[in-house]
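Spelled out, the chains give:
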Amino acid sequence: DLCTEDRMRVKQLVEKLAQMGMEKDQLHTKLIKERCKYEETLLFLQQEHQRVLKERSYLDHTQNNTHMQSIQLSSDNEHNACGRSPLQSVPMTVAPEMGCPAQP
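Overview of the structure. (Residues numbered from 1 in each chain as written. Predicted model: local features only at pLDDT ≥ 70, side-chain atom pairs only at ≥ 80, totals over all residues. Heavy atoms only, no water.)

**Details of the overall build of the protein chain**
Working step 1: When you go through the protein chain residue by residue, the secondary structure sums to two helices and two strands.
Working step 2: Traced from its N-terminal end to its C-terminal end, the protein chain shows the element sequence α-α-β-β.
Working step 3: A burial count over the protein chain gives 1% of its 104 residues as buried. (Helix = DSSP H or I, 4+ residues; strand = E, 2+ residues; numbered from the N terminus. Buried < 20%, exposed > 50% of the residue type's maximum accessible area, 1.4 Å probe, protein only.)

**Re the pattern of salt bridges**
Working step 1: If you walk through the whole model with that rule in mind, you get two salt bridges.
Working step 2: Between R51 and E48 there is a salt bridge, with its nearest N and O atoms 2.6 Å apart. With R51 and E48 both in helix α1 (residues 4-77), this residue pair falls three residues apart, about one helical turn.
Working step 3: Across the pair E55 and R51 runs a salt bridge whose closest N-O atoms are separated by 3.0 Å. Residue E55 and its partner R51 are located together in helix α1, separated by four residues, close to a single helical turn.
Working step 4: Residue class for R51 comes out partly exposed when judged on its relative accessible area of 42%.
Working step 5: Overlapping salt bridges bring together E48, R51 and E55 as one network. (Salt bridge = Lys/Arg side-chain N within 4 Å of Asp/Glu carboxyl O.)

This is a description of form; function is not addressed.
In structure tokens, the structure reads:
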């Protein structure tokens, strides 16, 4: 018992409701896709972060080893093959007139 005007109004509301339902479904699909993309990006960044931490740890370890080797080489250079310090490896004679060591 609706008049023509009311029937048109009901028809328009039903059409608008159907359109909004489709838009809702499209937005929901878009949200799911964006969430998946976000999660993939987050996973990649977490893996990249772990890789960078491992690389940093490796570099720190390498730097420490290099530093220790440098210290060892420096210590080794202080002694020649005969086990004498650099000062002991230079031959010295005593200058009798001065009473002190002199180089030849």
